[in-house]
Amino acid sequence: MGAGTGRAGAPPPWSPRGPEAHSGRLRGGDGWGGRCTVRRRGAGPRCSPHCLGESHPPSPPAGPSVLFPSSALPGSPSALRAGMAELRPSGAPGPSAPPAPGPTAPPAFASLFPPGLHAIYGECRRLYPDQPNPLQVTAIVKYWLGGPDPLDYVSMYRNVGSPSANIPEHWHYVSFGLSDLYGDNRVHEFTGTDGPSGFGFELTFRLKRETGESAPPTWPAELMQGLARYVFQSENTFCSGDHVSWHSPLDNSESRIQHMLLTEDPQMQPVQTPFGVVTFLQIVGVCTEELHSAQQWNGQGILELLRTVPVAGRPWLITDMRRGETIFEIDLHLQERVDKGIETDGSNLSGVSAKCAWDDLSRPPEDDEDSRSICIGTQPRRLSGKDTEQIRETLRRGLEINSKPVLPPINPQRQNGLTHDRAPCLPLSLMSCSGSRKDSLESDSSTAIIPHELIRTRQLESVHLKFNQESGALIPLCLRGRLLHGRHFTYKSITGDMAITFVSTGVEGAFATEEHPYAAHGPWLQILLTEEFVEKMLEDLEDLTSPEECKLPKEYSWPEKKLKVSILPDVVFDSPLH
């Protein structure tokens, strides 16, 4: 974990185990009754390299979680009222309202009344004044005490919807923990009140309530914990329009809802806390065909289409796990709108985290001056902090519609005395190369770092690109949806510290040129492809659009261009040498 995460100690030695159930009596919780089982799996679902789902490293075994009415938890309204009574001197009159927590608050009170938690509760109370004590799922061992689940709590509310607006009754889930709840650096580094609190957002989810359902299902809480684990492990953040390739029914059933898009919660407003601003990103379950359309076009466009289909989301994008048809099967005209959008706009997916690698075929890899991301002895070469910053800026600008796409300079410009370091907002996997708060990707070992100033940009004569099957399936998207529209596309390795950026001739600021189309700056490779060559590659790579028919390993070669592309099994990328 990078600087600023502030985890208190290493996780306890959890032993691997299969599914484990923990039951809790649903008592309190604003009148809900019955019994519920909270299931926690030993590991999260598969994730894909181009969406957050499969590109992150395996999650640690999930710890036991239990279900409580929120009145039983520290920081809840009822617990806080009890805490205030304990803190008052005997015989002292009680205050009409809790004092605002802050530096002058008694330590015991501050621990019961975390200011960041209180701010999010306030927004929830605004929406649900009749549910002051919702049911909550909480990990027994908190993340900051060594537990594996980053979210302290997930609250579950019953939303009556709005029949007049065609919004059905549903369960509304809200996470607590991606933002800074405490302000004491136990989890997140406090950086001031003007910027984001923690990662700057919390997750929400809206699940259609089934007839006769008296208590909310608890599987969405584990889903949210899985996404939170990715964010904490990678320090990549999410933005509206991002997608997550999950490759598994979200509720472990036989549902076709197996992936996710992210959007702004339609009801919850951004909250200013003492530790920064918190926004609320809502998870929206989608089918595989809808995910692919979001990748080929853009997530926001697919979200708008989902809103127009009553059974597929409605205005508030409520997930119905029983939906058996895609929006394109429900309304055949929607595919035409997507195809037209792709033709007109291209794709706004400017990069992904993926299993990939590259080799310089111009010289043997044991060359002492080789600065690619290959292992020299036991220490791999690393991307410098400045290269990392440029890659982030490259990805961010890829989402913008510019008349003239521009790659930022290697030496970033300083604005108002500060280095511009806005993180990119991309689809997961990919959760894609989403925004990151890491300072750099450099190794803790100084012997593995090449000073940025000493890395020269090298022109290469011949290169070999390597991708796993899922990453390779995105090459046609990269070529058709990005380069043919005068843009660029970046693969950032999740198994090694390297990156590959494809650029078109219309992109300014690249160190690859038409004269020298293959160029490397340390382990960052740029490849410039002309429109004519892109069309040729699309013809030759047509079978990548049907990955189920592609037998691995698969190799494509263009000898006249001195370029080779291999599609390899995942296991190849698990080795330290590619």
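This text follows the structure it describes.
Residues numbered from 1 in each chain as written. Predicted model: local features only at pLDDT ≥ 70, side-chain atom pairs only at ≥ 80, totals over all residues. Heavy atoms only, no water.

**A look at the sheet that holds strand E25 (residues 524-528)**
Point 1. One open sheet holds the six strands; their spatial order is E13-E22-E23-E25-E24-E20, and the pairing between them is mixed. Both outer strands of the open sheet, strand E13 (351-354) and strand E20 (457-459), are each paired with one neighbouring strand and no more. Recorded for the sheet is a direction-independent mean angle of 20° between the axes of neighbouring strands.
Point 2. Both E13 and strand E22 (residues 488-493) contribute to a ladder of four bridges, which runs parallel. (Pairing = 2+ DSSP bridges. Helix = DSSP H or I, 4+ residues; strand = E, 2+ residues; numbered from the N terminus. Axes fitted to C-alpha atoms, helices over the stretch in contact; angles between N-to-C directions.)

**Comments concerning the packing of helix H12 (residues 475-482) against helix H13 (residues 531-540)**
Point 1. With their axes 10 Å apart at the nearest point, H12 and H13 run at an angle of 145° to one another. Crossing handedness for the pair H12 and H13: left-handed. On H13, the residues touching Pro-476, Leu-479 and Arg-480 of H12 are Val-534, Met-537 and Leu-538.
Point 2. Classifying every residue of the contact of H12 with H13 gives five nonpolar, no polar and one charged. (Left-handed = near helix turned anticlockwise from the far one by under 90°. Contact = heavy atoms within 4.5 Å. Nonpolar A, V, L, I, M, F, W, Y, C, P; charged D, E, K, R; others polar.)

**Digging into the packing of helix H6 (residues 288-296) against helix H7 (residues 299-308)**
When two helices pack together, you describe them by how their axes are tilted relative to each other and by the distance separating the axes.
Point 1. Relative to each other, H6 and H7 sit at 140°, their axes nearing to 7 Å. In terms of their interaxial angle, H6 and H7 are classed as oblique. Where H6 approaches H7, its residues Glu-290, Ser-293 and Ala-294 are matched on the opposing element by Gly-299, Ile-302 and Leu-306.
Point 2. Considering only residue class, the contact of H6 with H7 consists of three nonpolar, two polar and one charged. (Parallel < 35°, antiparallel > 145°, perpendicular 65-115°, else oblique.)

**Regarding the environment of Leu-349**
Point 1. For Leu-349, the location among the structural elements is in the loop between helix H9 (333-345) and E13.
Point 2. The spatial distance from the C-alpha of Leu-349 to the C-alpha of Gly-299 is 8.8 Å, given a sequence separation of 50 residues.

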